[in-house]
Number of protein chains: 4
Amino acid sequence: MSTLTEVPAALRAAVDAAKERVAALHAELPRWELVVWTAGNVSERVVNPDGEDLLVIKPSGVSYDDITPDAMVVCHLDGTLVEGDRSPSSDTAAHAYVYRHMPEVGGVVHTHSTYATAWAARGEEIPCVLTMMADEFGGPVPVGPFAIIGDDSIGRGIVETLRGSRSKAVLMRNHGPFTIGTDARSAVKAAVLCEEVARAVHVSRQLGEPLPIAQEHVDALYERYQNVYGQR
Amino acid sequence: MSTLTEVPAALRAAVDAAKERVAALHAELPRWELVVWTAGNVSERVVNPDGEDLLVIKPSGVSYDDITPDAMVVCHLDGTLVEGDRSPSSDTAAHAYVYRHMPEVGGVVHTHSTYATAWAARGEEIPCVLTMMADEFGGPVPVGPFAIIGDDSIGRGIVETLRGSRSKAVLMRNHGPFTIGTDARSAVKAAVLCEEVARAVHVSRQLGEPLPIAQEHVDALYERYQNVYGQR
Amino acid sequence: MSTLTEVPAALRAAVDAAKERVAALHAELPRWELVVWTAGNVSERVVNPDGEDLLVIKPSGVSYDDITPDAMVVCHLDGTLVEGDRSPSSDTAAHAYVYRHMPEVGGVVHTHSTYATAWAARGEEIPCVLTMMADEFGGPVPVGPFAIIGDDSIGRGIVETLRGSRSKAVLMRNHGPFTIGTDARSAVKAAVLCEEVARAVHVSRQLGEPLPIAQEHVDALYERYQNVYGQR
Amino acid sequence: MSTLTEVPAALRAAVDAAKERVAALHAELPRWELVVWTAGNVSERVVNPDGEDLLVIKPSGVSYDDITPDAMVVCHLDGTLVEGDRSPSSDTAAHAYVYRHMPEVGGVVHTHSTYATAWAARGEEIPCVLTMMADEFGGPVPVGPFAIIGDDSIGRGIVETLRGSRSKAVLMRNHGPFTIGTDARSAVKAAVLCEEVARAVHVSRQLGEPLPIAQEHVDALYERYQNVYGQR
């Protein structure tokens, strides 16, 4: 289906800027202890006003010490390579599926962060018992289906779980979290906060049951945070 | 109620010194793993002998990599901006409320540190079972009410819980800890030690019940520490 | 049995390259928090086409700050010293036994990483409930026997447990993990991922029972990962 | 009882060397996450062949960023100051008591490391279920009595618990660990390993009961490690 064989000249600057951003954002994953070794990946969509969009992602199996803008690879939204010296991340098909089916998504992140993965291994959603969760996720962080790597089933599971949900994070069963955002940075933020709330709620439940937050308060917190927080 | 439209010349040096201190102290929050991403904030009161006090605080949603003295913002004690290029932290109203109602407080810190937040999510105070807790907090670390962000209810909850208490820390329910001090540095110290004791007591209780410390020993430890510890 | 009294001239370049690699890989152990103080060690086999193989390993009781290529020592596959100013690691006999009895192994790593050691102290294998485990270990991470340091019993326990297993990691009872690989780098990767899955599965089980992964899916994941992942 | 009013000329070089070592070893406490803020301290005995020994220790309440050899203070073995611009650590009396009553001890360390403190808060010894514990501590890590800071009761509790014990570490009830060694470095090593085994055994017990190690094996491991490990 994809017809581009190289990055169009009109997208050159946008692709290069995305490579810079995506490379820099990868450093946030070990910084906040979301990944070990070469695990985890960040991608960003490059919008093409004149044709099909592209995505920028980390190559497969590359050390976090070797991640530079030039090392990033560019792929079609079917996951095949357009530009780069190395194979794209083995999770590229899942990222690409999300971009194809959720046009509002501009960034995707995948990690195996410990506490989020622990909830995922039990197939249990994270209940919304922290104001930070209401702010960022607008409710519980949901669980997606078990899916085998290598075809569309991971991407489909992400999209089916997150479409129509307030949550920017899904815990793929027995696997780990995927997060989405309007750009790569907001997807990385969601990955960081997903692990943070996964850990704090886990720790809280170790010694008893956390107190629920009334739905009206969850709604009010979510509304405010989406509209007020940060710089405009 | 606030009439100043800029920092008075007589406070210039004090405000600039506070910006230096507050910016530098923010680095302690990620250093001791009390915050992720842009969460958490430190403020300090600037006393104005000739009129209303001011406060210096971090802007909203700014990365810990971008925190410099110049990036700090100055606010009235009603939370409105006096000086700075960016919006103040979304928690400024809570800090300001504390300064208005507790004149002895010179610094306020807010984090979502994991273990303190876990106790807060259960609405459970941290029992005083460590000599370090008796030293710094003089007893248990208390829980404050559930409060919605955006009006005075967080500030009110902090003040009602800490006024008349030995504790410099309050665990706001389903939210996280706020700490106070005579200046920003001592409030940051309290935030660091609050998480430390939250974690150690949590870990201890995972395998049994920690032994209580007799009230007379708590009192003796608190007296000594407040009067003897550190350099004079 | 060993007749070499020094590194043969024909192996000089290969030994020096192995010293560089082994020294650099030691930095990964504290980086991923697998070791404290001087604990832990990495070794690599140097193949000798004209005679007996050698191994390169860290000296005993040396700080991670002092690990340089020149500080590494070279030993016979019976564990005795060929080259180096210091005594080889006290675990050298175990590494050497593995190289003697598993010719396909090119690298060995030993750590006392916390979560893997915790499973080892209970003598309990780590069940395969994460796709990352299926990828890297092809099933559960098995437990080896209790063995005293100082003779062949640790090496024998490793070999008896891992020979014929898909797993690159064994949890030696009451002791800690040993991992193997085709070279030192892949054995270090296995050590990093062993701790990662030990921690995530531990955390998951703290609040319930993780969901099993069907054997056919474990097999499919393992096959794909061994053949597809990374750069070729 | 102490008559020296300054460091004798004959001890100058030895005192300065001890200041260097003690300052550098303090960096190991935050490095291995044994302390937060200004908590924790390391001391070393300076032997005086011609009279009373001295000790070098960290001043009270000083940031780990400000620890230099010159900032270290020198005290009599009754805890009073001989040389230095600041007050000695508030734990100096406990260190001094140990040096007075255990002439074989050359270094003392005190931390509030999380897991060791958690066992201490329950007043429970750490059972010897890891080969690393048998190596370093020769058996369980024992608990000392509850003691108030500020007189000899902490020092007495340490000495009564460790005299005649193989263990270099004692968990002071509701307080935290103290460790001893032939010099400051070996006491720091014991502090690092004490937290390591406190954590691993804690984690192991969270999901069941660790397997005991037979006493004869504990004895054999301890003998070997004390006599064989490291460089000679």
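Since the model is a prediction, treat every value here as computed from it, not as a measurement.

Here is what the cut-offs are and how they apply
- Residues numbered from 1 in each chain as written.
- Chains lettered and ligands numbered in written order.
- Predicted model: local features only at pLDDT ≥ 70, side-chain atom pairs only at ≥ 80, totals over all residues.
- Heavy atoms only, no water.
- Helix = DSSP H or I, 4+ residues; strand = E, 2+ residues; numbered from the N terminus.
- Rg over C-alpha atoms; globule rule 2.2 N^0.38 Å.
- Contact = heavy atoms within 4.5 Å.
- Lys, Arg positive; Asp, Glu negative; His and termini not counted.
- Charge placed at Lys NZ, Arg CZ, Asp CG, Glu CD.
- Buried < 20%, exposed > 50% of the residue type's maximum accessible area, 1.4 Å probe, protein only.
- Least-squares fit on C-alpha atoms with pLDDT ≥ 70 in both.
- Polar contact = N/O pair within 3.5 Å; in protein donor to acceptor, adjacent residues only side chain to side chain.
- Buried area = accessible area lost by both parts, 1.4 Å probe.
- Salt bridge = Lys/Arg side-chain N within 4 Å of Asp/Glu carboxyl O.
- Pairing = 2+ DSSP bridges.
- Axes fitted to C-alpha atoms, helices over the stretch in contact; angles between N-to-C directions.
- Phe/Tyr/Trp six-rings, centres within 6.5 Å; stacked < 30°, edge-to-face > 60°.
- Lys NZ or Arg CZ within 6 Å of the ring centre and 35° of its normal.
- Patch = residues over 30% accessible without salt bridge, like charges linked within 9 Å, V, L, I, M, F, W, Y side chains within 5 Å.
- Areas by Shrake-Rupley, 256 points an atom, 1.4 Å probe, with all protein chains shown as cover.
- pLDDT = per-residue confidence, 0-100.
- Parallel < 35°, antiparallel > 145°, perpendicular 65-115°, else oblique.
- Left-handed = near helix turned anticlockwise from the far one by under 90°.
- Nonpolar A, V, L, I, M, F, W, Y, C, P; charged D, E, K, R; others polar.

Peer 1: Before we go on, may I ask you to explain the overall build of chain A in this structure?
Peer 2: Along its length, chain A carries eight helices and eight strands. Here chain A has a C-alpha radius of gyration of 17 Å; the compact-globule value for 232 residues is 17 Å, and the two agree. Along the first, second and third principal axes, the C-alpha atoms of chain A reach 55 × 35 × 30 Å. Taking all contacts inside chain A whose residues are at least 6 apart in sequence as the whole, residues at least 24 apart take part in 66%. Averaging the positions of the 20 positive and the 31 negative side-chain charges in chain A gives two centres separated by 3 Å.

Peer 1: Sorry, what's going on with the environment of A:Ala14 here?
Peer 2: Residues and elements named next belong to chain A. With respect to the helices, strands and loops of the structure, Ala-14 is situated in helix H1 (residues 12-26). Residue Ala-14 is classed as partly exposed on the basis of its relative accessible area, which comes to 35%. Put simply, Ala-14 and Arg-45 are 31 residues apart on the chain and 10.0 Å apart in space, counted from C-alpha to C-alpha.

Peer 1: What exactly am I supposed to notice about the relation of the copies chain B and chain A here?
Peer 2: The transform that puts chain B on chain A rotates by 90° and translates by 0.0 Å along the axis, for an RMSD of 0.0 Å. Overall, the copies show the geometry of a four-fold rotation axis. Closest approach to the rotation axis within chain B is made by the C-alpha atom of B:Gln206, at a distance of 5.3 Å. Looking at the interface residues of chain B, only 6% of them are also at the interface in chain A, so each copy uses its own face.

Peer 1: Would you take a moment to explain the side chain of A:His175 for this structure?
Peer 2: Here A:His175 lies in the loop between strand S7 (169-172) and strand S8 (176-181). Of the polar contacts made by the side chain of A:His175, one reaches the side chain of A:His110; its length is 3.1 Å.

Peer 1: So what exactly am I meant to see when it comes to the side chain of B:Glu196 here?
Peer 2: Its place among the elements puts B:Glu196 in helix H7 (residues 184-206). Setting aside residues up to four positions removed in sequence, B:Glu196 forms contacts with B:Met132, D:Val36, D:His112 and D:Thr114.

Peer 1: Just to check I follow, could you spell out the interface of chain B and chain A for this structure?
Peer 2: By convention, interface size is frequently given as the accessible area that disappears when the constituent parts associate. Counting residues at the interface gives 33 residues for chain B, matched by 33 residues for chain A. Contact between chain B and chain A buries roughly 3100 Å² in total, counting both sides, with carbon and sulfur atoms accounting for 60%. By the criterion of area lost to chain A, the three top residues of chain B are B:Val36, B:Trp37 and B:Arg122, representing 26% of everything that side buries. For the interface between chain B and chain A, the tally reads one salt bridge. For A:Arg31, the salt bridge identified is with B:Asp65, shortest N-O distance 2.9 Å. Among the secondary structure elements, those contributing two or more residues to the side of chain B that touches chain A are helix H4 (114-122) and H7 of chain B. Examining the composition of the side of chain B that touches chain A, we find that six residues originate from one element, H4(B), more than from any other.

Peer 1: Help me out: how do you make sense of helix H4 (residues 114-122) of chain C in this one?
Peer 2: Buried residues dominate H4(C), accounting for nine of its nine residues. Along H4(C), the residues that are buried comprise C:Thr114, C:Tyr115, C:Ala116, C:Thr117, C:Ala118, C:Trp119, C:Ala120, C:Ala121 and C:Arg122. As for H4(C), its buried residues are in contact with strand S7 (169-172), strand S8 (176-181) and helix H7 (184-206) of chain C together with helix H7 (184-206) of chain D. Note on H4(C): the residue one or two positions beyond its end, C:Gly123, has a positive phi of about 65°.

Peer 1: How do you make sense of unusual backbone geometry when you look at a structure like this?
Peer 2: Glycine aside, negative phi is the norm for most residues, and most peptide bonds take the trans geometry. Positive phi values are uncommon outside glycine, yet B:Glu33 reaches one of about 60°. For B:Glu33, the position within the fold is in the loop between helix H2 (28-31) and strand S1 (41-46).

Peer 1: I keep staring at the sheet that holds S7(A) and nothing clicks. Help me out?
Peer 2: Two strands in a sheet stick together by hydrogen bonds in their backbones, pointing the same way (parallel) or opposite ways (antiparallel). Residues and elements named next belong to chain A. Taken together, eight strands build an open sheet; the order of strands is S4-S3-S2-S1-S5-S8-S7-S6 and the sheet is mixed. Single-partner strands in this sheet number two, and they are strand S4 (81-83) and strand S6 (143-144). Summarising the sheet, strand S3 (residues 73-76) and S4 pair through two bridges and their orientation is antiparallel. Looking at S4, one finds that Cys-75 is bridged to Leu-81.

Peer 1: I tried to follow the sheet that holds strand S7 (residues 169-172) of chain D on my own but got confused; where do I start?
Peer 2: Residue and element names in this part refer to chain D. Here eight strands make up an open sheet; going across it, the order is S4-S3-S2-S1-S5-S8-S7-S6 and the pairing mixed. Taken across any chain shown, the strands that pair with only one partner, and hence form the sheet edges, are strand S4 (81-83) and strand S6 (143-144). In this sheet, S7 lies alongside S6 in parallel orientation, the contact comprising two bridges. When the sheet's bridge partners are listed, Val-143 is paired in S7 with Leu-171. Strands in contact with helix H1 (residues 12-26) are strand S1 (41-46), strand S2 (54-57), strand S3 (73-76) and S4; relative to S1, the strand with the most contacts, it is inclined by about 160°.

Peer 1: Explain the packing of aromatic side chains to me, please; I cannot follow it from the model alone.
Peer 2: We describe a pair of aromatic rings using the distance from one ring centre to the other and the angle between the two ring planes. All told, the structure shown has zero aromatic pairs over all chains when counted by the stated rule. A cation over a ring is seen here: A:Arg122 above A:Trp119, with NZ or CZ 5.0 Å from the ring centre.

Peer 1: I tried to follow helix H6 (residues 153-162) of chain D on my own but got confused; where do I start?
Peer 2: Since there are 3.6 residues in each turn of an α-helix, residues three or four apart along the chain are aligned in direction. All names here are of chain D. Of all 10 residues that make up H6, eight are buried, and the element is covered over most of its length. Structurally, H6 contributes buried residues whose contacts are with helix H3 (92-101), S6, S7 and strand S8 (176-181). At the exit of H6 stands Gly-164, carrying a positive phi of roughly 85°.

Peer 1: In this structure, what is going on with a negative patch on the surface? I would like to understand it.
Peer 2: A grouping of A:Glu33, B:Glu33, C:Glu33 and D:Glu33 is seen on the molecular surface, where their side chains present a negatively charged patch. The class for A:Glu33 is partly exposed, based on a relative accessible area of 48%.

Peer 1: How do you make sense of the pairing of S3(D) when you look at a structure like this?
Peer 2: Looking along a regular strand, one sees the side chains alternate between the two faces of the sheet. Residues and elements named next belong to chain D. Bridge count between S2 and S3: four bridges; the pairing is antiparallel. When the bridges of S3 are listed, Val-56 appears paired with Val-74. What sits between the antiparallel neighbours S3 and S4 is a turn of four residues, in which Gly-79 has the positive phi angle 90°.

Peer 1: Got a minute to help me understand the environment of C:Arg156 in this structure?
Peer 2: Along the chain, C:Arg156 turns up in helix H6 (residues 153-162). Separated by 58 residues in the primary sequence, C:Arg156 and C:Val98 place their C-alpha atoms 7.6 Å from one another.

Peer 1: What should I look at first to understand the confidence of the model for chain A in this one?
Peer 2: Interpretation of this model should avoid reading the predicted coordinates in detail wherever pLDDT is low. Model confidence for chain A is summarised by a mean pLDDT of 95, while 96% of its residues fall at 70 or above. Two summary scores accompany this predicted model of the complex, namely pTM at 0.96 and ipTM at 0.95.

Peer 1: Just to check I follow, could you spell out the packing of helix H4 (residues 114-122) of chain D against H7(D) for this structure?
Peer 2: All names here are of chain D. Between H4 and H7, the least distance of the axes is 7 Å, while the angle of their chain directions is 65°. Compared by their axis directions, H4 and H7 come out roughly perpendicular. At the point where H4 passes H7, the crossing takes the left-handed sense. Contacts from Thr-114, Tyr-115, Ala-116 and Trp-119 of H4 reach H7 at Cys-194, Glu-195, Ala-198, Arg-199, Val-201, His-202 and Arg-205. Of the residues contributing to the contact of H4 with H7, the split by class is six nonpolar, two polar and three charged.

Peer 1: Just to check I follow, could you spell out the environment of C:Ser204 for this structure?
Peer 2: Relative to the assigned elements, C:Ser204 resides in helix H7. What makes C:Ser204 buried here is its relative accessible area of 0%. Excluding anything up to four places from it in sequence, C:Ser204 contacts A:Ala118, A:Ala121, A:Arg122 and C:Pro210.

Peer 1: Would you explain the pattern of salt bridges in this entry?
Peer 2: For side chains of opposite charge, pairing can occur when their charged atoms come near one another. Applying the stated rule across the entire model yields 60 salt bridges over all chains. B:Glu136 serves as the salt-bridge partner of B:Lys168, at 3.6 Å between the closest nitrogen and oxygen. Linking B:Lys168 in the loop between helix H6 (153-162) and strand S7 (169-172) with B:Glu136 in helix H5 (residues 131-137), this pair joins segments that are 32 residues apart in sequence. In this structure, D:Arg21 and D:Glu44 form a salt bridge, with 2.7 Å as the shortest nitrogen-oxygen distance.

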